[in-house]
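Report on the structure
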Amino acid sequence: MFKKAALTALSAVSVFAMHSAEVNINNSDIELSASLDMGQFNESVEPATIFFGAKYLNPDERHSDADSIDDYQEINFLMQKNVNADFRLGLGVKLNHTKNFVSIPLGVEAVYKLPLTSSVPFYIGAALYAAPEVLSLDKADNFLEYRLNVEAEAIQNGFITLGYRHMDTNYKSGDVEYNNSLYFGLKFLF
């Protein structure tokens, strides 16, 4: 029995060999995310263009206008393209969930490599996702998320991140600023 469990766990780790993994924290929130580069699994897909991912956010009431706040989960899909050597643009869709809230936001993401001559490459990133009423389910009325971040590639494929996130999970009964906070974190590509 132990052999089967160990082999199952080992194969699950290899299937979910997170092609990017990220941890973002501040004084009271933790956010974990991972995405798989589908181009590394399928030869007909160009690497670094199609990603499937998941995210988990355990927020605190201090960064929200709600009295009590539930954990946030999402699965996401992103297609992106290098516009030029320093600029990458992507289009995505998410399925997110908190207690009594489900939405399917559509969005855009962009990353720009700053033209600095330092030995450490710096990147500026932004993301905007929105779900109007037609893409909001359960007790959700609409959803809006935007993010801004700066990343420094401290070591090859290892990034230090400083960012800002704003998430509104608006319910039919009223608007809720779900999370509004600064964070820092680490991101690894493999």
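Details of a nonpolar patch on the surface
A cluster of nonpolar side chains, namely Val-23, Ile-25, Ile-30, Leu-32, Leu-162 and Phe-184, defines an oily patch on the protein surface of about 500 Å² accessible area. Only strand S1 (20-25) and strand S2 (30-37) provide two or more residues apiece to the nonpolar patch. By secondary structure assignment, the location of Leu-32 is in strand S2. A residue is classified by how much of its surface remains accessible, and Leu-32, at 38% relative accessible area, is partly exposed.

Quick word on the side chain of Ser-33
Relative to the helices and strands, Ser-33 resides in strand S2. Once you skip the residues sitting within four places of it in the chain, Ser-33 turns out to touch Ser-20, Ala-21, Glu-22, Ala-54 and Lys-55.

Comments concerning the confidence of the model for the protein
In regions of low pLDDT, the predicted coordinates are not meant to be interpreted in detail. On average, residues of the protein score 89 in pLDDT, and 91% of them reach the 70 mark or higher. Counting contacts from residues 1-17, a segment whose pLDDT is below 50, to residues more than four positions away or on other chains yields four contacts.

Brief notes about the nonpolar core
For soluble globular proteins, nonpolar side chains are generally found buried alongside one another. Leu-57, Ala-66, Ile-69, Tyr-72, Phe-101, Ala-131, Ala-140, Phe-143, Met-167, Tyr-171, Val-176 and Tyr-178 together form the largest nonpolar core, which totals 12 residues. The contacts of Ile-69, once residues within four sequence positions are left out, are Pro-59, Asp-60, Glu-61, Ser-64 and Tyr-178.

Focus on the environment of Phe-52
Summarising the element assignment, Phe-52 is placed in strand S3 (residues 50-58). Given a relative accessible area of 41%, Phe-52 falls into the partly exposed group. In this structure, the C-alpha to C-alpha distance between Phe-52 and Glu-31, residues 21 residues apart in sequence, is 17 Å. With near-sequence residues (within four places) excluded, Phe-52 lies in contact with Ala-34, Ser-35, Leu-36, Met-38, Asn-76 and Phe-77.

Topic: the pairing of strand S7 (residues 106-113)
Looking at chain direction, strand S5 (residues 87-98) and S7 are connected through seven bridges and run antiparallel. Each bridged residue has a counterpart across the sheet, and for Val-93 the counterpart in S7 is Leu-106. When S7 meets strand S8 (residues 122-131), the two strands line up antiparallel, connected through eight bridges. Bridge assignment links Gly-107 to a residue of S8, and that residue is Tyr-129.

Quick notes on the packing of aromatic side chains
A complete count under the given rule lists seven aromatic pairs for this structure. Geometrically, the ring pair formed by Phe-101 and Tyr-171 is edge-to-face, given 5.2 Å between the ring centres and 65° between the ring planes. With Phe-101 in strand S6 (residues 101-103) and Tyr-171 in strand S11 (residues 158-171), the pair connects residues that are 70 residues apart, well separated along the chain. Residues Phe-101 and Tyr-171 agree in their burial class; the two are buried. Taken together, the aromatic side chains of Tyr-72, Phe-101, Phe-143, Tyr-171 and Tyr-178 make up a single cluster linked through ring pairs. Its guanidinium or amino end placed over the ring of Tyr-129, Lys-94 lies 4.2 Å from that ring's centre, counting from NZ or CZ. Taking the ring centre of Phe-159 as reference, the NZ or CZ of Lys-187 above it sits at 5.3 Å.

Some words on the environment of Tyr-123
Tracing the backbone shows Tyr-123 in strand S8. Residue Tyr-123 is classed as buried on the basis of its relative accessible area of 17%.

So, the pairing of S3
Where S2 meets S3, eight bridges bridge the pair, whose relative direction is antiparallel. Bridge assignment links Asp-37 to a residue of S3, and that residue is Phe-51. Here S3 runs beside strand S4 (residues 72-84); their pairing, made up of eight bridges, is antiparallel. From the neighbouring strand, Phe-52 faces S4, where its bridge partner is Phe-77.

Topic: unusual backbone geometry
You will see that Asp-138, though not glycine, has its phi angle at about 55°, which is positive. Within the chain, Asn-157 stands out as a residue other than glycine whose phi angle is a positive 65°. Here Asn-157 is to be found in the loop between strand S10 (140-155) and S11.

Calculation rules
- Residues numbered from 1 in each chain as written.
- Predicted model: local features only at pLDDT ≥ 70, side-chain atom pairs only at ≥ 80, totals over all residues.
- Heavy atoms only, no water.
- Patch = residues over 30% accessible without salt bridge, like charges linked within 9 Å, V, L, I, M, F, W, Y side chains within 5 Å.
- Areas by Shrake-Rupley, 256 points an atom, 1.4 Å probe, with all protein chains shown as cover.
- Salt bridge = Lys/Arg side-chain N within 4 Å of Asp/Glu carboxyl O.
- Helix = DSSP H or I, 4+ residues; strand = E, 2+ residues; numbered from the N terminus.
- Buried < 20%, exposed > 50% of the residue type's maximum accessible area, 1.4 Å probe, protein only.
- Contact = heavy atoms within 4.5 Å.
- pLDDT = per-residue confidence, 0-100.
- Core = buried A, V, L, I, M, F, W, Y, C linked by side-chain atoms within 4.5 Å.
- Pairing = 2+ DSSP bridges.
- Phe/Tyr/Trp six-rings, centres within 6.5 Å; stacked < 30°, edge-to-face > 60°.
- Lys NZ or Arg CZ within 6 Å of the ring centre and 35° of its normal.

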